Amino acid sequence: MIIKNILLKKESLLVLESNQKVQEALERIKSEGYLSLPVIEDHRFIGCISVYDIYQKYYEKDDIARNIFLNSVISDYVKTDIPVLHAKDIVEDASLLFSNKNIPFIPVVDDKDVFLGIVTQKAIFSAFTRLLGYGRGTRLTIHTPDFKGRISKLAKAIKNAEGNIISLAINDPDAKMDIKEIIIRLEADNLERIKESIEKKGFKIVEIE
């Protein structure tokens, strides 16, 4: 799945322009209940600004300096070290960025670096939930030695028992050498027949949900 498919488009977002005043930016962020917002300049993403950063700088100043600060433009205070992705990048790229970086969202740009929207952690979770077929069919957790052609063999066993695979994922169980864990969601009129067919091919079913 590519980023474009889970993108929150800029038309549906509250976005700040780099030449807006700090006071205006703060009011807009607070009014919508956001903690931070993307900032663009000439349709290009330049960074983000957060309520925390604004307040931190505000309370560092005296009364006169605070008024000057609130009337300055936000481009001077934008956090610019935000990684970006392109619309054709894959969802796994976004997942890895969220794992390695403390960021509220990931901006997405096109081939000309024009800002298209953002990806959120919620969108990532929803995408993987759909990919795994959550809420559909029966979930089987299967352990198998790591050998070439194991997926083809397993799929054939399920087909022969008139089962239909909805989704399939492979995991490496902790502390189990040369063992692969295959998680399948499938539709079947006769689950016992499916189970028997799978086990006859040498696979071990460790969990059925």
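See above for the structure.
Residues numbered from 1 in each chain as written. Predicted model: local features only at pLDDT ≥ 70, side-chain atom pairs only at ≥ 80, totals over all residues. Heavy atoms only, no water.

Draft legend 1. Looking closely at the sheet that holds strand β9 (residues 164-171). With antiparallel pairing, the 4 strands of this open sheet are ordered in space as β9-β10-β8-β11. In this open sheet, the two edge strands, each paired with only one partner strand, are β9 and β11 (204-208). Ignoring which end each strand starts from, the neighbouring axes of this sheet average 25° apart. Direction of pairing for strand β8 (residues 138-145) relative to β11: antiparallel, over a ladder of 4 bridges. Its bridge partner being in β11, I142 is matched across the sheet by I205. Packed onto the sheet, helix α7 (residues 191-200) meets β8, β10 (179-187) and β11 and runs at close to 150° relative to β11. (Pairing = 2+ DSSP bridges. Helix = DSSP H or I, 4+ residues; strand = E, 2+ residues; numbered from the N terminus. Axes fitted to C-alpha atoms, helices over the stretch in contact; angles between N-to-C directions. Contact = heavy atoms within 4.5 Å.)

Draft legend 2. Focus on the sheet that holds strand β2 (residues 16-17). Spatially, 3 strands are ordered β2-β3-β4 in an open sheet, and the strand pairing comes out mixed. With one partner strand each, in any of the chains shown, β2 and β4 (44-50) form the two edges of the open sheet. When β2 meets strand β3 (residues 36-41), the two strands line up parallel, connected through 2 bridges. Each residue of the ladder has a partner; that of L16, found in β3, is V39.

Draft legend 3. The arrangement of the packing of aromatic side chains in detail. Summed over all chains, the structure comprises 5 aromatic pairs. The rings of Y55, Y58 and Y59 are connected pair by pair, giving a single aromatic cluster. Positioned over the ring face of Y58 is R66, at 4.8 Å from the centre of the ring. (Phe/Tyr/Trp six-rings, centres within 6.5 Å; stacked < 30°, edge-to-face > 60°. Lys NZ or Arg CZ within 6 Å of the ring centre and 35° of its normal.)

Draft legend 4. How the structure looks around the packing of helix α4 (residues 91-100) against helix α5 (residues 121-131). For the pair α4 and α5, the least separation of the axes is 10 Å and the interaxial angle reads 130°. Judged on the interaxial angle alone, α5 and α4 are oblique. Here the hand of the crossing between α4 and α5 comes out left-handed. In this structure, α4 contributes V91, E92, A94, S95 and F98 to the contact, and α5 contributes Q121, I124, A127 and F128. Considered class by class, the residues forming the contact of α4 with α5 number 6 nonpolar, 2 polar and 1 charged. (Parallel < 35°, antiparallel > 145°, perpendicular 65-115°, else oblique. Left-handed = near helix turned anticlockwise from the far one by under 90°. Nonpolar A, V, L, I, M, F, W, Y, C, P; charged D, E, K, R; others polar.)

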